[in-house]
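# Results of the structural survey
If you want the building blocks of each chain, they are given just below.
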Amino acid sequence: MGKVLIIGCGGVAGVAIHKCCQNSGVFTEICIASRTVSKCEAMKKKLEGMTKAKISTAQVDADNTRELIALIEKEKPDVVLNLALPYQDLTIMDACLATKTNYVDTANYEPEDTAKFEYKWQWAYRERFEKAGITALLGSGFDPGVTGVFSAYALKHYFDEINYIDILDCNGGDHGYPFATNFNPEINIREVSAKGSYWEDGKWVETEPMEIKRVYNFPEVGEKDMYLLHHEELESLALNMPGIKRIRFFMTFGQSYLTHLKCLENVGMTSIEPIIYEGKEIVPLQFLKAVLPDPASLGPRTKGKTNIGCIFTGKKDGKEKTIYIYNVCDHEECYKEVGSQAVAYTTGVPAMIGAAMLMTKTWDKAGVYNIEEFDPDPFMEALNEFGLPWQVSENPVMVE
Ligand code: NDP
């Protein structure tokens, strides 16, 4: 069918590339381009021969729009799948605009020097993408991503209006390290050390980091402590779900993770303010990333399951009802299949599906859209087909 250009070759990209190779009827050509081209070449070597897709590689600095434009003009992809870091979203969107190429990502833009992510920068491209006749699909990972698809699916099939959404992200996996992060440590620590917030009655309610704790008994995982965080899909769902009154996001953390995080924060290691060390400017959080285990190395050591999903409460035919849609994913099974743990897997699979939705024109409207603005049904089918089967539980236990 067509060609995808994947930018970035880290944990999430590794899974998405495997999945594009499995879906070679849609992705007949895959170009993997990243800062460190040797990683792209290693990935190509690993997958060639196992897929009908033709794989090529390239070196690119995704902070440089001119380099990106030259690469897109040379490769002529139908879709660019951005799996680098949130800092590169705008340069890649600019290059897609200049070359009239469709764009997909999994995380919203965040300036490198301000730990605050919001959609305003990317939503500002709406009119330009529309005029250029191309699509930008924002947030096609799991959360954001599948959580938005679950929301659109619940609204389409189960409710007349949804009033409350609780998004629950549980990682019941154990990698055996006292402290490590499951995806890019810098992005992960920026997210969890920020203030929490939730959306209620038309406005944001801010909390201290980890201030709100709940305990939930997750299907197939068991009882876990979870904490309220700010998360990017809250912002788009608050706009796109008619009748919504409250949306919260909770993520599970073990005591060892929290104790280490507190200690690292207390000594200044999670700061993004540059400091001078031996005459050289360094950012403490970036230095910390360099000494922590690479998330890609957790695959062979991680056991247990993730359970990510949404509890929806709303009305159908005038009656109140609640459903829970979730996916359970096993770290060891993921590793067996694609050589990665479940956190990368649950992000990489929907990234591939989002790119496939645009490639096949199953989703075809010009402009900048969040994932819940499209028909959820073909995406939900593809989740079952490509390794993230979901379940619907009626009358689940609610979060207080
Ligand atoms: P990694 O750090 O493992 O990989 C990032 C990749 O991007 C690396 O290959 C890196 O290159 C490359 N890269 C970074 N900067 C540049 C640049 N300037 N030019 C070219 N390439 C660059 O991150 P993850 O795979 O863990 O995460 C990828 C994305 O997925 C992130 O945006 C993250 O926020 C998002 N994510 C989304 C989730 C969701 O559910 N929606 C969940 C988890 C992650 P190099 O190898 O040289 O470092």
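Because the structure is predicted, anything quoted here is derived from the model rather than measured. (Residues numbered from 1 in each chain as written. Predicted model: local features only at pLDDT ≥ 70, side-chain atom pairs only at ≥ 80, totals over all residues. Heavy atoms only, no water.)

By size, the foremost hydrophobic cluster in this structure holds 90 residues, and its most contacted members are Phe-27, Phe-150 and Phe-312. Here this core gathers at least three residues from each of two domains, domain 1 (2-138) and domain 2 (146-339). If near-sequence neighbours (up to four positions away) are discounted, Phe-312 is found in contact with Phe-150, Ser-151, Ala-154, Phe-159, Ile-162, Tyr-164, Ile-165, Lys-321, Thr-322, Ile-323 and Ile-325. In this structure, Ala-58, Ile-72, Tyr-119 and Ala-132 belong to the second largest nonpolar core, which totals 28 residues. (Core = buried A, V, L, I, M, F, W, Y, C linked by side-chain atoms within 4.5 Å. Buried < 20%, exposed > 50% of the residue type's maximum accessible area, 1.4 Å probe, protein only. Domains from an automatic or database assignment. Contact = heavy atoms within 4.5 Å.)

This brings us to the domain arrangement of the protein chain. Examined at the domain level, the protein chain breaks down into domain 1 (2-138) and domain 2 (146-339). Look at where the C-alpha atoms of domain 1 and domain 2 centre, and you get two points 24 Å apart. Between domain 1 and domain 2, the contact holds 22 residues from the first and 15 residues from the second. The junction of domain 1 with domain 2 conceals about 1,600 Å² of combined surface from both sides, 54% of it contributed by carbon and sulfur atoms. Of all residues in domain 1, Phe-117, Tyr-119 and Trp-123 bury the most surface against domain 2, accounting for 33% of the area lost on that side. Among the salt bridges present, the one from Glu-110 reaches Arg-190, with a minimum N-O distance of 2.8 Å. Breaking the side of domain 1 that touches domain 2 down by element, the ones donating at least two residues are helix H1 (11-22) and helix H5 (120-123). The element contributing the most residues to the side of domain 1 that touches domain 2 is H1, with 4 residues. Across the side of domain 1 that touches domain 2, the residue classes tally to 10 nonpolar, 5 polar and 7 charged. (Buried area = accessible area lost by both parts, 1.4 Å probe. Salt bridge = Lys/Arg side-chain N within 4 Å of Asp/Glu carboxyl O. Helix = DSSP H or I, 4+ residues; strand = E, 2+ residues; numbered from the N terminus. Nonpolar A, V, L, I, M, F, W, Y, C, P; charged D, E, K, R; others polar.)

Quick look at the pattern of salt bridges now. Oppositely charged side chains can form a pair if their charged atoms are brought close together. This model, assessed by the stated rule, comprises 18 salt bridges. Between Asp-160 and Lys-316 there is a salt bridge, with its nearest N and O atoms 3.6 Å apart. You can see Asp-160 sitting in the loop between helix H7 (146-157) and strand E7 (161-171) and its partner Lys-316 sitting in strand E15 (residues 305-316), a full 156 residues away along the chain. Asp-160 sits in the partly exposed class, given a relative accessible area of 48%. Judged by its relative accessible area of 30%, Lys-316 falls in the partly exposed class.

Lining the immediate environment of the ligand, one finds 28 residues, of which Arg-35, Thr-36, Lys-39, Ala-62 and Asn-184 sit closest. Taking Thr-36, its side chain carries an N or O atom lying 2.4 Å from an oxygen atom of the ligand. In the model, an oxygen atom of the ligand is placed 3.0 Å from a nitrogen or oxygen of the Phe-142 main chain. If the ligand stood free it would expose 920 Å²; the protein chains cover 92% of that surface. (Near = heavy atom within 4 Å. Polar contact = N/O pair within 3.5 Å; in protein donor to acceptor, adjacent residues only side chain to side chain. Areas by Shrake-Rupley, 256 points an atom, 1.4 Å probe, with all protein chains shown as cover.)

As for its placement among the helices and strands, Val-146 is situated in helix H7. For Val-146, a relative accessible area of 1% gives the class buried. A C-alpha to C-alpha distance of 9.4 Å links Val-146 and Pro-376, two positions 230 residues apart in sequence. Once residues lying within four places of it in the same chain are set aside, the contact partners of Val-146 are Gly-141, Pro-350, Phe-379 and Leu-383.

This part is about the pairing of strand E17 (residues 367-370). Here E17 shows a buried face lined by Gly-367 and Tyr-369 and a second buried face lined by Val-368 and Asn-370. Of the pairings in the sheet, the one linking strand E6 (residues 135-138) to E17 comprises 4 bridges and is parallel in character. Considered in E17, the bridge of Thr-135 is made with Gly-367. (Pairing = 2+ DSSP bridges.)

This paragraph deals with the packing of aromatic side chains. The tally for this structure, following the rule as stated, stands at 15 aromatic pairs. With a centroid separation of 6.0 Å and an interplanar angle of 80 degrees, the aromatic rings of Phe-142 and Phe-150 are classed as edge-to-face. A single burial state applies to Phe-142 and to Phe-150, both of which are buried. For the pair Tyr-369 and Phe-374, a centre-to-centre distance of 5.5 Å together with 75 degrees between the ring planes defines the contact as edge-to-face. Site record: aromatic cluster; members linked through ring pairs are Phe-179, Tyr-227, Phe-253 and Tyr-257. Sitting over the ring of Phe-159, Lys-321 keeps its end group 5.7 Å from the ring centre. (Phe/Tyr/Trp six-rings, centres within 6.5 Å; stacked < 30°, edge-to-face > 60°. Lys NZ or Arg CZ within 6 Å of the ring centre and 35° of its normal.)

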